[in-house]
Each structure stands twice: as C-alpha cells, then as structure tokens.
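# What the coordinates show
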Amino acid sequence: MSSIIQLLPDHVANQIAAGEVVQRPASVVKELLENAVDAKATDIKLIIKDAGKSLIQVIDNGVGMSVTDSRLCFERHATSKIRQAEDLFSLHTKGFRGEALASIAAIAHVEMKTKQDQEELGTHIVIEGGKFMSQEPAVLPKGTSFAVKNLFFNIPARRNFLKSETVEQRHIVDEFQRVAMAHPNIHFTMYHNGSEMFNLPISNFRQRIVNIFSGKTNEKLVPVKEETDILSLQGFVGKPEFSKKNRGEQFFFVNDRFIKSGYLHHAVMAAYEGLLKDGSQPSYFLYLTVPPHTIDINIHPTKTEIKFDDEHALYAILRSAIKHSLGQFNVAPVLDFDRDPNLDTPYQYQNKEAEFPTIQVDRSYNPFADDKPSKSFSTPSYKKPEAQPNWESLYVGLKQAGQELAEMTFENDAVTSSLFEENEIEQEVKRTYQIHKKYIVSPIKSGMVIINQNRAHERVLYEAFLTSMTVHQASSQQLLFPLQLYFSAPEMDLLAELKSALENTGFVFEAMEVDHVMISGLPVNVTESEISIVLEELLRDLQDGIPDSSFSQNDTIAKSMARSLAIKTGTYLTEKEQENLVHNLFACKEPDVSPFQKPTFITMSVEDIDKKFSV
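Residues numbered from 1 in each chain as written. Predicted model: local features only at pLDDT ≥ 70, side-chain atom pairs only at ≥ 80, totals over all residues. Heavy atoms only, no water.

### Some thoughts on the packing of helix α13 (residues 489-505) against helix α15 (residues 553-565)
Contact pair α13 / α15: the axes reach a minimum separation of 11 Å and the direction vectors enclose 60°. Classified by the interaxial angle, the pair formed by α13 and α15 is oblique. Judged by the twist between their axes, the crossing of α13 over α15 is right-handed. Residue-level inspection shows Glu497, Leu498, Ala501, Leu502 and Thr505 of α13 in contact with α15, the latter providing Gln553, Asn554, Ile557 and Met561. A breakdown of the residues in the contact of α13 with α15 according to their chemical character gives five nonpolar, three polar and one charged. (Axes fitted to C-alpha atoms, helices over the stretch in contact; angles between N-to-C directions. Helix = DSSP H or I, 4+ residues; strand = E, 2+ residues; numbered from the N terminus. Parallel < 35°, antiparallel > 145°, perpendicular 65-115°, else oblique. Left-handed = near helix turned anticlockwise from the far one by under 90°. Contact = heavy atoms within 4.5 Å. Nonpolar A, V, L, I, M, F, W, Y, C, P; charged D, E, K, R; others polar.)

### Some remarks on the packing of aromatic side chains
Scanning the entire structure with this criterion turns up 16 aromatic pairs. Ring plane angle 50° and centroid distance 6.0 Å describe the contact between Phe213 and Phe251, whose orientation is recorded as tilted. Of this pair, Phe213 sits in the loop between α7 (205-212) and β9 (221-227) while Phe251 sits in strand β11 (residues 250-254); the two residues are 38 residues apart in sequence, bridging distant segments of the chain. With respect to class, Phe213 is no different from Phe251; both count as buried. (Phe/Tyr/Trp six-rings, centres within 6.5 Å; stacked < 30°, edge-to-face > 60°. Buried < 20%, exposed > 50% of the residue type's maximum accessible area, 1.4 Å probe, protein only.)

### Here we look at helix α8 (residues 262-271)
Structural remark: α-helix, 3.6 residues per turn; residues separated by three or four positions point the same way. Within α8, burial applies to Leu264, His265, Ala267, Val268, Ala270 and Ala271. Buried positions along α8 lie against β11, β12 (257-259), β13 (284-289), β15 (307-308) and α9 (311-328).

### Looking at the confidence of the model for the protein
Residues of the protein with pLDDT of at least 70 account for 77%, and the chain-wide mean is 78. Confidence, expressed as mean pLDDT per element, reaches its minimum in the protein at helix α11 (residues 398-407) with 53 and its maximum at strand β1 (residues 43-49) with 93. Confidence drops under pLDDT 50 across residues 417-428; counting only partners more than four residues distant or on other chains, this segment forms two contacts. (pLDDT = per-residue confidence, 0-100.)

### Describing the sheet that holds strand β22 (residues 601-605)
On the basis of which strands lie adjacent, the open sheet formed by four strands has the order β16-β17-β18-β22 and antiparallel pairing. Edge positions in the sheet fall to β16 (433-435) and β22, since each of these pairs with one other strand and no more. Within the sheet, the average angular offset between the axes of one strand and its neighbour, ignoring direction, is 25°. Relative to β22, strand β18 (residues 447-452) runs antiparallel, the two being bridged by five bridges. When the bridges of β22 are listed, Val449 appears paired with Thr603. Against the sheet, helix α12 (residues 453-470) touches β16, β17 (439-444) and β18, its axis set at about 75° to β18. Sheet strands in contact with helix α16 (residues 575-586) are β16, β17, β18 and β22, and its direction is about 90° off that of β18. (Pairing = 2+ DSSP bridges.)

### Some remarks on the nonpolar core
Core analysis: the biggest nonpolar cluster contains 54 residues, and Phe74 and Val148 have the highest contact counts within it. In this structure Phe74 touches Leu101, Ala102, Ala105, Val110, Met112, Ile125, Ile127, Phe132 and Phe146, once residues within four positions along its chain are discounted. With 32 residues, the next largest nonpolar core counts Leu483, Leu494, Ala558 and Leu565 among its residues. (Core = buried A, V, L, I, M, F, W, Y, C linked by side-chain atoms within 4.5 Å.)

### Focus: the sheet that holds strand β4 (residues 122-128)
Pairing is mixed across the open sheet formed by eight strands, whose spatial order is β5-β4-β3-β6-β2-β1-β7-β8. Looking at the sheet topology across the chains shown, the edges are occupied by β5 (131-138) and β8 (195-200). Strand-to-strand twist in this sheet, taken as the mean axis angle between neighbours without regard to direction, amounts to 10°. Of the strands in this sheet, β1, β7 (187-192) and β8 are in contact with helix α6 (residues 165-182), which crosses β7 at around 175°.

Printed below as a string of structure tokens:
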C-alpha cells in the first residue's frame, strides 16, 4: 500500500494556525499591540476602520527591523523572543511562539513599513494572502507601521460569522484597554473611523485606569499593596457600593500580561464576602509580579491562561491583602459586640484631666424608720394610692352623653341590608395560585395552565416597549432631581446612538457630556433605583450581541429592558398581581413564548392528571 501521509504546504499550515490565533479583528489588534510593546516603543497608535474589517493599523516608534528581519518575521515559528526551550521558563516578552504574523498574513492584505534608527532607509513589504507581492526600500521614520486590510478576504465563511460592528468594536476596545492598562509608561492613542476614542498619556497605574474608565472612577478605587517572597501585588479594588451586575471592570495582570483566572477571581470574591449584594460584581485592577520560572504561559495561543506553581499560596495572599485594604480604608464594616459606643471618649475630652465627683450625703436618712409604708409583693401596684380617684373624675357626666349619641340616627348611614340571604351569596372563587414564588397556576375548562412568571412578564414588557417605540411615544415620569450616571467613553458613544430609541420608551435626557448623562425622566414602569442596572445591562447586551436579536436595534433594546425589569423568580405576588399578569399575558400577540423563544406556560388537561393517578 502506498504512503498517504504528507507534509502540508506552508500556506495551508498558516491558514490552519490562523483559525486558532486570529479568531476576530480583536485578535489581530492584540498581537500587533503586543509586538509594538516588545519593540520598546514609547508611543503606539491604533487606527481602526469598520470595526477592523476594512483596516487595522498599528504605528509605533520602537526599534524597527532590518531588511532580513522584516522578510523573515512572516515565516512560521520565526521569532526574536526566544532561542531555546529553556527560554520558555524565563519569558520577559509578550510574544514567543512566532505564529501571529504568519497567520495574519495568510488571511489578509498586509502592508508593513519598518526602519531602524541607525539605518538611512527602511523596508516596505506588501503581502496578500500569504504571498509576497513586493519588497522595496523606502524613506520612513523610526519604528514600524503594520496595516492589515480586508481581514478574512480568502475565508468568506469566517468573515460571515463575524458579529455586528458594535460587538466587534467592543472586543477591539477590550484588547486595547488590556494592553494600555498593563503599560502606563507608554503613550497610547486609538482612532475609529477617523475619530479619536482614546488618548492615554504616560502616567501611573491609577491615572491610566481613570483615563480609560472616566474621571468618576477615581473615587471608587481602594489601593492594594503586598510584598512577599513569592508574589508582589499592587493595584486597586472598587468599593462595594460601586459594584455592578456585569464583570466588565475586572482585570488581572501577571508580569504585565492580562490573564483570566477563575481561581484568583474566587479569591477576590471571598475577600468581599458579606459586602456585596446578590449577583453584584466588584471592580478590580490587580497587578501581580511573580518569578517567571514559577508560571507556564504556553497553554493556549491567546496566552490569557496561566498555570501557577503554588496557586493556594497566591489565593491566600490575594484574599488577605484585599480584605486588609477594605478594612484599612473603612470600607468593610467592623462589628465589635463587646464595645459600647456610649463609652467612647469624645475628642475634646481626650487630654482633659479627670475630676473627682462631689458627693452629698443625707445623714438623717433612715431606711428602717417606723413611718415607712411596708412593701407588699403579693399584689404589685406601681401607682400611688391617692392618684386612683383622680382619673375617675375625668369621666364624670360622660355616660349620659354616650347613651344619647347611640340613640341618634343620621340620614347618611350606609344601608346594611342585602337583597339576598347570606347563605345565598356565592363566595368569590380564587382563580390563581402561586407555587414556590415561581409559577402561577390558573384553572381552565379543560384542566389548568401553569405560567412561568418571569418569562410571562418578559413577554408583556417586551411587547409594551416595542409598541411605545414604534407606534407612539411612551409616557414618562419626571424626577424631582435629575439623576447623574457615569459611563466610559465607548459606552457614552453607544448611548448617543441609542438616545432617540430610549426617549421613545420614556427616558428624558437633560444632558449628555463626555463621561456622564443627566436623566430627568424615566419610563413609568422603571424605578429610580433600577435605572443604572437597566442601562448597564442594555449597554452590555448591545456590545456583546443578544442571540436571535438581528431584527433591529429597537428589538434589542426592548428585549434587554424586558429582561432587566421582569419579575424575578422568588418574588411573591398578591392575588391581584397574579390575575393582572395572566390577563396581560394572554392579551399579547404571542403569549406562548418569551422574547427569547422560551415557553411561557404549559397546559395540563384533566385527562393528563387522570393518567397520573391510573395504575
């Protein structure tokens, strides 16, 4: 039998690797930014068009590449970061696999311009789909400019699977923020479709976080710092009162590299035990520095997963350091049941000398004197004997007046008689029942219907919001004092796009500034305490993309707001509320499914119930 195993051509191998390395435009942004950081750049520009589908360009002022290196960098497993296998355990750079540029060049049109400081001329290379189209010398500034155009042009299936521009832009911003936060000593700038989104000057860690997440972030941060032999920890955690429903502001950096770790996240949550509401997530920006030989980064091409030598020790240090910081800055409440606050010494009395009290003694007092009335414990009476007749005198002469009032009749007395005898009146039958604060059971002619209260209310609210946005403008309730909410720059851009649609649901925006909005009116069924949660979840849903929400932006808004405001499982409903929900559900156009295509109710006929009892 002939041999059937053969080596794959380089361009095929590069396309296979691209499936792992380049999952979406944000993956390209991450790889190019990290290469710029490794090149010791102090100024990095990121230029995006159409959420990275048309153009992704990174310009840096790093060391640049020679003519040979500029051609060799596009070969697979060609890298300047490591020389031998042992170097994997002492990594000080972002990249080391040598796969990124080869993978990107295989699925896009790439144009690279690079020049070293000591050279007079630089190199200009153009590659299309892994094929070198041209390489020529050019007059260039120091550093490297890497432009990636028409991503996935030769893999139409991958291009069609990309999400909407809003979702892809959110992922790009996430990657940009992660690299920018890890390196506050570098000036980062980001442009999208010609407009500047971020301009982050060189600063310290705290100022970099504030520049990315708006100025209001500064008052939320509590510093954390700990130095041990196995770990150097610094960074910031958010105060519990500023916690959010989503996990957008949670960052771990290990040796200046962003990572994801459910184990370390659990350590942070353990430190916040008893301080957060159910379902709330704290913000944290934590920078961990560990010896390079104690971690393994080479687990996944994205390099966001890390294996630690001693995870248990890191867990304990992280938890105790955060707990200590929260207590040190009086964020965590201190409960001391043995201390009496009434005994605390006021500040003005701390240095005051104690004075001896003046004592007066009545030397003529004799507890055994004969005229003292004897105590009787058989009938405990705490009132003086002479006080008894006094209170009776208050009611003298009132008995007769009370009798006269009882005999008087008035014309406007309510008629208490009935047309029917009491035994003939049919008692009102209770039509609905709530089970486990989750389901509503209502009898029907053929049996009974069981309704999921959360999904049913989602359907009712969804259709109400859609009607108000498309048919007529909804009514709104005015606030006595305008509400001020702070958001990051990308979220403010998204809110500006949604302004007209949100106004149709009942929101009234008094002002929209760079980092906050002023809201003076709310939809009728939204309370003031819920407004921040509703808007946060709406922005998250639009940035992440709600499944099955490709109809319109109004549809997405209606679904998100219905999910945020719907009655949650575990909420007790009165009988009137149950009946109202049932009637509103069956008045909907599609009462049988929720906005997310899940059943809202099931029916059980009498025959089905009889079968349960049959033997």
